Amino acid sequence: MTRQLKGKPPRRHPPKKPSSNQTDPVGVYCRVRPLGAEDEECCIEVISSTTIQMHTPEGFKTNRNGEYKETQYSFKKVFGVSVSQMELFEHVAKPLVDDLIRGKNGLLFTYGVTGSGKTFTMTGSPGQGGLLPRSLDMIFNSIGSYQAKRYVFKTDEKNSIEIQTEVDALLERQRRDNNLSVPKTPSTRLKADPEIADMIKPEEASKSDGVDDDSSYSIFVSYVEIYNNYIYDLLEETQEDAIKPKWNGGGTPVRQNTELIPPQSKILREDQNHIMYVAGCLEVEVKSAEEAFQVFWRGQKKRKVANTRLNRESSRSHSVFIIKLAQAPLDADGDNVLQDKNQISVSQLCLVDLAGSERTGRTGAEGTRIREAGNINQSLLNLRTCIEILRENQMCATNKMVPYRDSKITHLFKNYFDGEGKVRMVVCVNPKTDDYEETLLVMRFAEMTQEVEVARPVDRPICGFTPGRRYRNQAFKDELSRRLEERGGPIDPDMPAAANTLILSLPSLPSCELTDPHDDITLPRLIEALENRQRIKQMLMEDYSKTANMMKPVLQELDTSLISKDNFIQEQNSKLIEKDKIIQGNKAEIERLEKKTKMQEHKIDVLQKTTKIFEDGKRSLQHELETREQRLQRELSEKRRMEQRMHGVISDTQFKWEKECERRVNALQLEMQNKLWVKDEKLKQLKAIVTESKTPGRPEPPPRQTQPQPLPQPQHQPRSQRPSKEDRLPPKRSASPSPVPTTAPVRPRHRRSRSAGGEKWVDHKPSSSMDLGTVLQPVIPNAIQVSAPSEKALSKCDRYVLTHQEVASDGEIQTKLIKGDVIKTRGGGQAVQFTDIETLKQELTTVPRRKRKSSEGVSASGDGALTDVETRCSVAVAMRAGSNLGPGLEHHAVIKRRKP
């Protein structure tokens, strides 16, 4: 059976998940950003302390009938444009800080579109501190006098807190101060950065009333960002160090020393209490609000920001600042921290600045910015999905799995939605009309988030020790110091040991117990011992007097020397005071110059960033200008080619219409000549009849035969040749005579292509050849068709033909048949010797609009336009290779006479 140590409370089991059914809704607040100077129209109106109304701007019609729709959204509280940072902190973050000191967790995050004021709400500016610096100031104002010494609480790699004695903590401080490899935390004595100086005014300081006086506290902070769904530690000092050469298996360096170490991504893990945390993240112990905010600002400078069209410094990642508070009760004496790990209570407050959702079309993002915007929008979409499924599970009593693991931001905070602490969200909105559509989506998400219920965390158990131990111990120490000062001086730790030695040197007292009223031995023995002690005391007093008399002159001399030394020290002190004044003046001047230097450095950084932004814009504009110039050159070249082609088409069309007009004029002239001839013949016949009736014995004149010819070659018969009577009479079938049949032109004999012989051919047709669908197609019998010539195919044949297509000057595709003989070489191979080229092309003719009657004459010349099918036949041209002549042979259409 083991005996429990005195003053040690019973062991406390690890905290479990709350078993109560009490829940709290997610607190959603809305903050409206002031309208910019360049913005005129506003789409958001605050109509009460909990309600806002959205007005649809001009150009946005939400209903199909064209009417404007105004919607209202309710929040736990709405903060207008005139609300200060202090008022926002009092309603939103102060209750979470109170719960943090009482041992409860909390999550606070800002949400909204890009440029809506999320970072200003969380961080603030000099003189207008945001939620984060005010939370740190309130925490240290509350626990400032109850903080444990540095390294009494110590973090480990498994998201837990260990406790050690003050002696071990002192050794740890000395070891870390001497170890240069361990990065030191920024000292509180260092001057604050001018960018973060005076964040909070002294009159705006806050303090919590729920601090346990009998506990000791310690604060740890960490700062991470989630960039492209990867977690990076912003407090890691090795992110910008020069990389050491990395060696591969062959013993050669993979990269140069001038490169930088890429930031290492962290992973999420689950501790023994099923709490998610970032493994390997640096946690810094801080002892003041200034030191904590210096740590935050050191990580803030490493955060990913970029310039976009909508925001000059747009956050490209989600930042998470974690404040971890460790507290443990004091021991029974109220002097030291209780050395029991199970009695340590750890609570944390997560302040999250989410990156704003954006549309790449409005921000003008390119390259890396498009990827960043896609990852930001995807993580926010996963957050909305988790909230929707949580709401559906609670309202519809379903048990769907919430996809926390789809995104790092939801996976890290899954415990808060499962009941590990309070959750609050500040929705930041920009009232300008350009953000109307994005703000509408944000409002719908906020309205849905308010319907999610989160389990209320349970209170931590109270330690079994008597309350008020710290004050009793302090009161005891104060009273002891006061009494010792009244007796002649401060506390001397050697006094009890000297008194014990003196008491032990005296003779011991005999037994004083009286067992018999007639005992005469005990009292005399006691009296004798007391008298012996009295004699020893007298001897000691005499020795003390002698020693004191001897020490008096020595002390007087020492006093004299001390007085002279005091006078000298006073003189030196007066000189030192004067020197101190000079030093203080120099320090003030140095501080002023340092502050001025830092301000100038800050301005230089701002100018460098601005210069970099303008250089990037200049490069992008130059690239865009070059791209547009190239595009313009291509368009100009295309325009010139189009003009050349159109000129060719216009000239061809003009030539065709000239031919058509000439043909029509010739046809009309021929028709009029035929009509005149018919009338002339009728008159002549009438005259002959009249003359014949008058002079019946007169012989008939010889017939005159007149044959009309086309206009290009008009030839008439002589007047002495007259037609016979039968010829002069018109036919009975028609009132107008039939046109005299014209002789068709003799068809020239076509030279038969030698490809139709009995030789065996290699027909080489590339795969890119097009089928033109013409009537006249080259047909080569006894041929081997190939898309690429080969030695095997050439060895089997003695002739070769290549089909080649190209664009003619009139824009039509013409086909060339390049023929040659296959000759065997001395080496046993085959060679092709080209001997002939045939060109196949198409020519389009104009079809007359009016249908020709059978009584109209037909031009005998082949130059006019033809109206039958034969006019649309292709023309084949054959020529010898190397010939300087034109086409060797042409095939013209033969004009067919129509039947009457």
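The coordinates are above.
Reading the values: the criteria
Residues numbered from 1 in each chain as written. Predicted model: local features only at pLDDT ≥ 70, side-chain atom pairs only at ≥ 80, totals over all residues. Heavy atoms only, no water. Pairing = 2+ DSSP bridges. Helix = DSSP H or I, 4+ residues; strand = E, 2+ residues; numbered from the N terminus. Axes fitted to C-alpha atoms, helices over the stretch in contact; angles between N-to-C directions. Salt bridge = Lys/Arg side-chain N within 4 Å of Asp/Glu carboxyl O. Buried < 20%, exposed > 50% of the residue type's maximum accessible area, 1.4 Å probe, protein only. Arc of directions from axis to C-beta. Parallel < 35°, antiparallel > 145°, perpendicular 65-115°, else oblique. Left-handed = near helix turned anticlockwise from the far one by under 90°. Contact = heavy atoms within 4.5 Å. Nonpolar A, V, L, I, M, F, W, Y, C, P; charged D, E, K, R; others polar. Polar contact = N/O pair within 3.5 Å; in protein donor to acceptor, adjacent residues only side chain to side chain. Phe/Tyr/Trp six-rings, centres within 6.5 Å; stacked < 30°, edge-to-face > 60°. Core = buried A, V, L, I, M, F, W, Y, C linked by side-chain atoms within 4.5 Å.

**Q** So what exactly am I meant to see when it comes to the sheet that holds strand β4 (residues 51–54) here?
**A** Sheet strands pair via backbone hydrogen bonds, and the direction of the pair is either parallel or antiparallel. Strand order in this open sheet of three strands is β3-β4-β5, and the pairing throughout is antiparallel. At either end of the open sheet lies a strand with only one pairing partner, and these are β3 (44–46) and β5 (71–74). Each neighbouring strand pair of the sheet contributes to a mean axis angle of 25 degrees, computed without reference to strand direction. Of the strand pairs in this sheet, β4 and β5 are connected by four bridges, and their pairing is antiparallel. When the sheet's bridge partners are listed, T51 is paired in β5 with S74.

**Q** When you look at the pattern of salt bridges in this model, what are you seeing that I'm missing?
**A** Between side chains of opposite charge, a pair can form as their charged atoms come close. Inspection of every chain in the model, using the stated rule, returns 27 salt bridges. Residue D24 pairs with R456 through a salt bridge whose shortest N-O separation is 2.8 Å. Taken together, the residues D24 in strand β1 (residues 23–25) and R456 in the loop between β22 (453–455) and α12 (469–486) connect sequence positions 432 residues apart. If you follow the salt bridges from partner to partner, you end up with E172, R175 and R176 in one network.

**Q** What am I meant to see in helix α1 (residues 85–92) here?
**A** For an α-helix, 3.6 residues make a turn, and residues three or four places apart therefore share a direction. Those residues of α1 not exposed but buried are Q85, M86, L88, F89 and V92. Seen from one end, α1 has its buried residues packed into an arc of 160 degrees, which puts them on one side.

**Q** I keep staring at helix α2 (residues 94–101) and nothing clicks. Help me out?
**A** For α2, the tally of buried residues reaches six of eight residues, placing the bulk of the element in the interior. Positive phi shows up at G103, right after α2, with a value of about 95 degrees.

**Q** Which parts of the structure should I look at to understand the packing of α2 against helix α4 (residues 131–143)?
**A** Axis separation between α2 and α4 bottoms out at 10 Å; the angle between their running directions is 40 degrees. Classified by the interaxial angle, the pair formed by α2 and α4 is oblique. The interaxial crossing formed by α2 with α4 has right-handed handedness. Between α2, through K94, V97, D98, L100 and I101, and α4, the contact on the second element is made entirely by S135, M138, I139 and S142. For the contact of α2 with α4, the residue count by class is five nonpolar, two polar and two charged.

**Q** Got a minute to help me understand the environment of D763 in this structure?
**A** Along the chain, D763 turns up in strand β23 (residues 761–764). Separated by 21 residues in sequence, D763 and I784 place their C-alpha atoms 5.7 Å apart. Not counting residues up to four positions away in its chain, the partners in contact with D763 are I780, A783, I784, Q785, V786, V801 and T803.

**Q** In this structure, what is going on with the side chain of T449? I would like to understand it.
**A** You can see T449 is positioned in helix α11 (residues 436–449). On the basis of relative accessible area, T449 is assigned to the buried category, the value being 1%. Within the structure, T449 has its side chain in polar contact with the backbone oxygen of F445 (distance 2.7 Å).

**Q** Looking at this structure, how should I read the packing of aromatic side chains?
**A** Any aromatic ring pair is given by two values, namely how distant the centres are and how the planes are angled relative to each other. Within this structure, the stated rule accounts for nine aromatic pairs. Seen in terms of ring centroids, Y223 and F321 are 5.6 Å apart; in terms of plane orientation they differ by 75 degrees. Their pairing is edge-to-face. Within this pair, whereas Y223 is found in strand β12 (residues 215–227), its partner F321 is found in strand β19 (residues 318–329), the two being separated by 98 residues in sequence. Just as Y223 is buried, F321 falls in that class too. Ring-pair connections join several aromatic residues into one group, and the members of that group are Y223, F293, F296, W297 and F321.

**Q** Quick question: what am I supposed to make of the packing of helix α8 (residues 368–396) against α11 here?
**A** To characterise two packed helices, one gives the angle between the axes of the helices and the distance between these axes. Between α8 and α11, the shortest axis-to-axis distance is 10 Å and the interhelical angle comes to 35 degrees. α8 and α11 meet at a crossing whose hand is left-handed. Residues L383, R384, I387, E388 and R391 of α8 form the contact with α11, whose participating residues are F445, M448 and T449. Within the contact of α8 with α11, the residues separate by chemical class into four nonpolar, one polar and three charged.

**Q** In this structure, what is going on with the nonpolar core? I would like to understand it.
**A** Soluble globular proteins tend to bury their nonpolar side chains together. Core analysis: the largest hydrophobic core is formed by 55 residues, its most contacted members being F75 and F413. Counting 44 residues, the second largest nonpolar core, distinct from the first, contains V92, I101, V211 and F296.

**Q** Explain the environment of V454 to me, please; I cannot follow it from the model alone.
**A** If you trace the backbone, V454 turns up in strand β22. Contacts of V454, omitting those with residues within four sequence positions, involve T23, D24, V26, Y416, F417, G419, G421 and V423.

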